[in-house]
Amino acid sequence: AGGGRGRAERELHHRERYAIPMPRTDARRPARDRLLDAAEALFVEHGIAATGVDAVLRRAEVSPATLYAHFAGKDHLVAADLERRDERWRASGDASLDRCGDDADARALAVFDALDGFPTATSTRGCAFLAAAVEVTDPEHPAYQWLAADTRLLVDRLRDLAAATGAADPDALAAELLALYDGALASRTRRAVAGDDGPTPLPWRDLAAGAVARHRA
């Protein structure tokens, strides 16, 4: 009996030693999320056109079949990436507005607060929507709607917030705030590319606050 128990223990030890470890799927994000995470990182690092599907598959650690089970192709992956970013940007903007309470002037400047806390705000490619707009130029492309949605969100929101400040010409104030926002994005990108040789940072939020005060005068 002792010999049988010894053989059993040796066999168990052998199986444990040479067993192939199973992946801990409970600790991994769903495949669709991993694909979007990989695509987002690669698009930020290299751009859309320069990022091949194989690179996304490698980073996400999924098979081609898994990708095509979730997305019809790369164009739809790009669209889903921008859709997710649009949702995040809206949520970030909403959170900034909530922190301002009923202060109309602070709410008009909330977009600059949201920008400061948004991921990839200091990327060398700058705004993901503007970077994508350079590459996605066909209105029939599935991602194009999200490029238009980003601009609509900014224009409509800034116009409403400008009107709430009591500006004499809300449209003019909204246009100036948008120009300052675009300037902040462009300045961040130049600094990210050039480092210490980049432009001196400007107080974009303070400039915007000055515009709010000036348009109400």
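Residues numbered from 1 in each chain as written. Predicted model: local features only at pLDDT ≥ 70, side-chain atom pairs only at ≥ 80, totals over all residues. Heavy atoms only, no water.

For the rest of this paragraph, the subject is the overall build of the chain. Helix and strand counts for the chain stand at 11 helices and zero strands. By residue count, 38% of the 217 residues in the chain fall in the buried class. For the chain, the share of sequence-separated contacts (at least 6 apart) that also reach a separation of at least 24 residues comes to 67%. Looking at the chain as shown, the accessible area adds up to about 12500 Å², and 53% of this sits on carbon and sulfur atoms. (Helix = DSSP H or I, 4+ residues; strand = E, 2+ residues; numbered from the N terminus. Buried < 20%, exposed > 50% of the residue type's maximum accessible area, 1.4 Å probe, protein only. Contact = heavy atoms within 4.5 Å. Areas by Shrake-Rupley, 256 points an atom, 1.4 Å probe, with all protein chains shown as cover.)

A separate point is the packing of helix α2 (residues 31-46) against helix α3 (residues 53-60). The N-to-C vectors of α2 and α3 enclose an angle of 125 degrees; their axes lie 8 Å apart at closest approach. When the interaxial angle is binned, α2 and α3 end up oblique. Note that α2 runs across α3; the crossing there is right-handed. Every residue of α3 that contacts α2 at R34, L35, A38, A39, A41, L42 and E45 is listed here: A55, V56, L57, R59 and A60. Of the residues in the contact of α2 with α3, the class split is nine nonpolar, no polar and three charged. (Axes fitted to C-alpha atoms, helices over the stretch in contact; angles between N-to-C directions. Parallel < 35°, antiparallel > 145°, perpendicular 65-115°, else oblique. Left-handed = near helix turned anticlockwise from the far one by under 90°. Nonpolar A, V, L, I, M, F, W, Y, C, P; charged D, E, K, R; others polar.)

Before going further, it helps to spend a moment on the packing of helix α5 (residues 74-100) against helix α9 (residues 144-164). Following both chains from N to C, one finds α5 and α9 inclined at 15 degrees, their axes separated by 9 Å at the closest point. Compared by their axis directions, α5 and α9 come out roughly parallel. Here α5 runs over α9; the crossing is right-handed. Residue-level inspection shows A79, L82, E83, D86, W89, R90, G93, D94 and L97 of α5 in contact with α9, the latter providing W146, L147, A149, D150, L153, L154, R157 and L161. Of the residues that constitute the contact of α5 with α9, the class distribution is 10 nonpolar, one polar and six charged.

Turning next to the confidence of the model for the chain. On average, residues of the chain score 86 in pLDDT, and 84% of them reach the 70 mark or higher. Confidence scores differ between elements of the chain, with helix α1 (residues 2-18) showing the lowest mean pLDDT of 48 and helix α6 (residues 104-108) the highest of 97. (pLDDT = per-residue confidence, 0-100.)

Further remarks concern unusual backbone geometry. Most peptide bonds are trans, and most residues other than glycine sit at a negative phi. At E61, a position not held by glycine, the phi torsion is positive, near 60 degrees. Tracing the backbone through its elements, the reader meets E61 in the loop between α3 and α4 (64-70). By relative accessible area, which is 53% here, E61 ends up exposed.

With that settled, consider the nonpolar core. The biggest cluster of nonpolar side chains holds 55 residues, and the ones touching the most others in it are L35, L82, W89 and Y181. Sequence-distant contacts of L35, that is, excluding residues within four places in its chain, are made with V56, L57, A60, V62, T66, L67, H70, F71 and L77. (Core = buried A, V, L, I, M, F, W, Y, C linked by side-chain atoms within 4.5 Å.)

Enumeration according to the criterion identifies 15 salt bridges in this entry. In this structure, D33 and R29 form a salt bridge, with 3.9 Å as the shortest nitrogen-oxygen distance. R29 gets classed as partly exposed once you look at its relative accessible area, which sits at 41%. For R88, the salt bridge is made with E40, and the minimal N-O distance between the two is 3.0 Å. (Salt bridge = Lys/Arg side-chain N within 4 Å of Asp/Glu carboxyl O.)

Attention now moves to the environment of R190. Here R190 shows up in helix α10 (residues 170-194). Along the sequence, R190 and G126 sit 64 residues apart, while their C-alpha atoms lie 8.6 Å from each other. When near neighbours in sequence (up to four residues on either side) are disregarded, R190 contacts G195, G198 and P199.

Structurally, R84 can be placed in helix α5. Assessed through its relative accessible area of 12%, R84 is described here as buried. A distance of 3.3 Å separates a polar side-chain atom of R84 from the backbone oxygen of L36. Apart from residues lying up to four places away in sequence, R84 is in contact with R29, D33, L36, D37 and E40. (Polar contact = N/O pair within 3.5 Å; in protein donor to acceptor, adjacent residues only side chain to side chain.)

Another point: helix α8 (residues 128-135). Three or more residues of α8 are buried, namely A128, F129, A131 and A132. Across the axial projection of α8, the buried residues extend over an arc of 160 degrees, all falling on one side. Where the residues of α8 are buried, they touch α5 and α9. (Arc of directions from axis to C-beta.)

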